[in-house]
Amino acid sequence: MARPLLRGDRLQAAREARGLTREQLATELELSSPARIRVWEAGLERPRPRFVPRLAAALGVDPLHLLDVDPADPPLAALRLSAGLATNEVTAPGMSVMTYVRLEDGRPGTEPTDDALRAVAEVLRVDAARVRAAIRRSRSDHAPVAPSNG
C-alpha cells in the first residue's frame, strides 16, 4: 500500500457540510490562495503533513477521516499525518528516524522496545497500544503477496 493520501472528495464534502467556501477555508488556514484548496480537493496535489490536522480542525472532523484509510485501523503513516508530521520529524529517544521509517514502511525486523513505542506515541499524540496496532497494520499492508499455485 502506498502512503495514505488525502481524500479530496472527503475534504470537499466536509468543507461543504461546514458551509465554508474554498476562500473561507483558505483564509482560516492562512493560505495565500483558495486555489490550494481546489487542487487538494481535485487530488492534483497533496497538502504538506502539517495541514492535515489543521484542515480537520477547521472542518470539525477527525484527521483520519480525510485520509484514504480505515480510521478504526490506520497504518502508522496515517497516525503521523494525523499528527501533522513529516517522517523526519518523528524522532524519539531510542529510535532514529530511519528506524521509524522502517516501521512505517512495514518492514519486518526487531520489535520496538516499550520505551520506544511510548516515545513514538507521545510524539504522535496517541497511546502506545494505538502505535503497536498501527505498526501491525503497516506490516500487513506491506506484506509480500504469496504467489498462487494456479
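Here the structure is shown first, and the text comes after it.
What you are looking at is a predicted structure, and each value in this text was computed from that prediction instead of being measured.

Novice: It is not clear to me how helix 3 (residues 35-42) should be interpreted in this structure. Could you clarify?
Specialist: Side chains three or four residues apart in an α-helix point the same way, a direct result of the helix having 3.6 residues per turn. Regarding helix 3, the residues found buried are Ile37, Val39, Trp40 and Glu41. Buried residues along helix 3 sit against helix 1 (8-17), helix 2 (22-28) and helix 4 (51-59). Remark: glycine 43 follows helix 3 within two positions and exhibits a positive phi of approximately 75 degrees.

Novice: I tried to follow the environment of glycine 94 on my own but got confused; where do I start?
Specialist: Its location among the elements puts glycine 94 in the loop between helix 5 (76-82) and helix 6 (97-104). Sequence spacing of glycine 94 and aspartate 115 is 21 residues, and the spatial spacing of their C-alpha atoms is 7.7 Å.

Novice: Is there a simple way to explain the nonpolar core in this structure?
Specialist: Soluble globular proteins tend to pack their nonpolar side chains together in the buried interior. The biggest cluster of nonpolar side chains holds 18 residues, and the ones touching the most others in it are Leu76, Met95, Tyr100, Val120, Leu124, Val131 and Ile135. Of all the secondary-structure elements, those providing two or more residues to this core are helix 5, helix 6, helix 7 (114-124) and helix 8 (128-142). It is helix 7 that contributes the most residues to this core, 6 residues altogether. Counting residues in each nonpolar core, the second largest holds 17 residues, with Leu6, Leu29, Phe51 and Leu55 among its members.

Reading guide: rules and limits
Residues numbered from 1 in each chain as written. Predicted model: local features only at pLDDT ≥ 70, side-chain atom pairs only at ≥ 80, totals over all residues. Heavy atoms only, no water. Buried < 20%, exposed > 50% of the residue type's maximum accessible area, 1.4 Å probe, protein only. Helix = DSSP H or I, 4+ residues; strand = E, 2+ residues; numbered from the N terminus. Contact = heavy atoms within 4.5 Å. Core = buried A, V, L, I, M, F, W, Y, C linked by side-chain atoms within 4.5 Å.

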